[in-house]
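# Working through the structure, step by step
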Amino acid sequence: MYCAIYRSKKKEGTYLYLAEKDKFDDVPEALMKSFGQPEFAMIIDLDKREKLAVVDIIKVKQSLQEEGFFVQLPPPPDAALQTIRNKNEKL
């Protein structure tokens, strides 16, 4: 199973996986608006991989088959790191 991966120019760390390259028909309009202009990153063969770096490969495959797309959001920031960031913003 091949899929095309696009990165968001608006939201760092956000990726859109599509079952077919450049086929955005299944992606809701509201999602496309918040995602912004997709930037093509790569095509991967999910059948030749056991896992992906950030997301569960089984969830990705299932979503691609059922919905035609999958959205990978960035992991939430570490609570301690977020506290430091909040303090730095006040400086």
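Preceding block: the structure.
Overview of the structure. Computed from a prediction, not measured in an experiment: that's the story for all the values here.

Counting 11 residues, the largest nonpolar core consists of C3, I5, Y17, I44, L46, L52, V55, I57, V60, L64 and F70. Every element with two or more residues in this core is listed here: β1 (2-8) and α2 (57-66). Here this core gets 3 residues from one element, more than from any other, and that element is α2. Ignoring sequence-local partners within four residues, the contact set of Y17 consists of C3, A4, I5, L52, V55, V60, L64, G68, F69, F70 and Q72. With 7 residues, the next largest nonpolar core counts A4, L16, V27 and F35 among its residues.

The next point concerns the sheet that holds strand β3 (residues 38-45). The strand order across the open sheet formed by 4 strands is β3-β1-β2-β4, and the pairing between neighbours is antiparallel. Taken across any chain shown, the strands that pair with only one partner, and hence form the sheet edges, are β3 and β4 (69-72). Going across the sheet, the axis of each strand differs from the next one's by a mean of 25°, ignoring polarity. Looking at chain direction, strand β2 (residues 15-18) and β4 are connected through 4 bridges and run antiparallel. Across the sheet, residue L16 finds its bridge partner in β4, namely V71. This element, α2, spans β1, β2 and β4 of the sheet and lies at about 140° to β4.

What counts and what doesn't
Residues numbered from 1 in each chain as written. Predicted model: local features only at pLDDT ≥ 70, side-chain atom pairs only at ≥ 80, totals over all residues. Heavy atoms only, no water. Core = buried A, V, L, I, M, F, W, Y, C linked by side-chain atoms within 4.5 Å. Buried < 20%, exposed > 50% of the residue type's maximum accessible area, 1.4 Å probe, protein only. Helix = DSSP H or I, 4+ residues; strand = E, 2+ residues; numbered from the N terminus. Contact = heavy atoms within 4.5 Å. Pairing = 2+ DSSP bridges. Axes fitted to C-alpha atoms, helices over the stretch in contact; angles between N-to-C directions.

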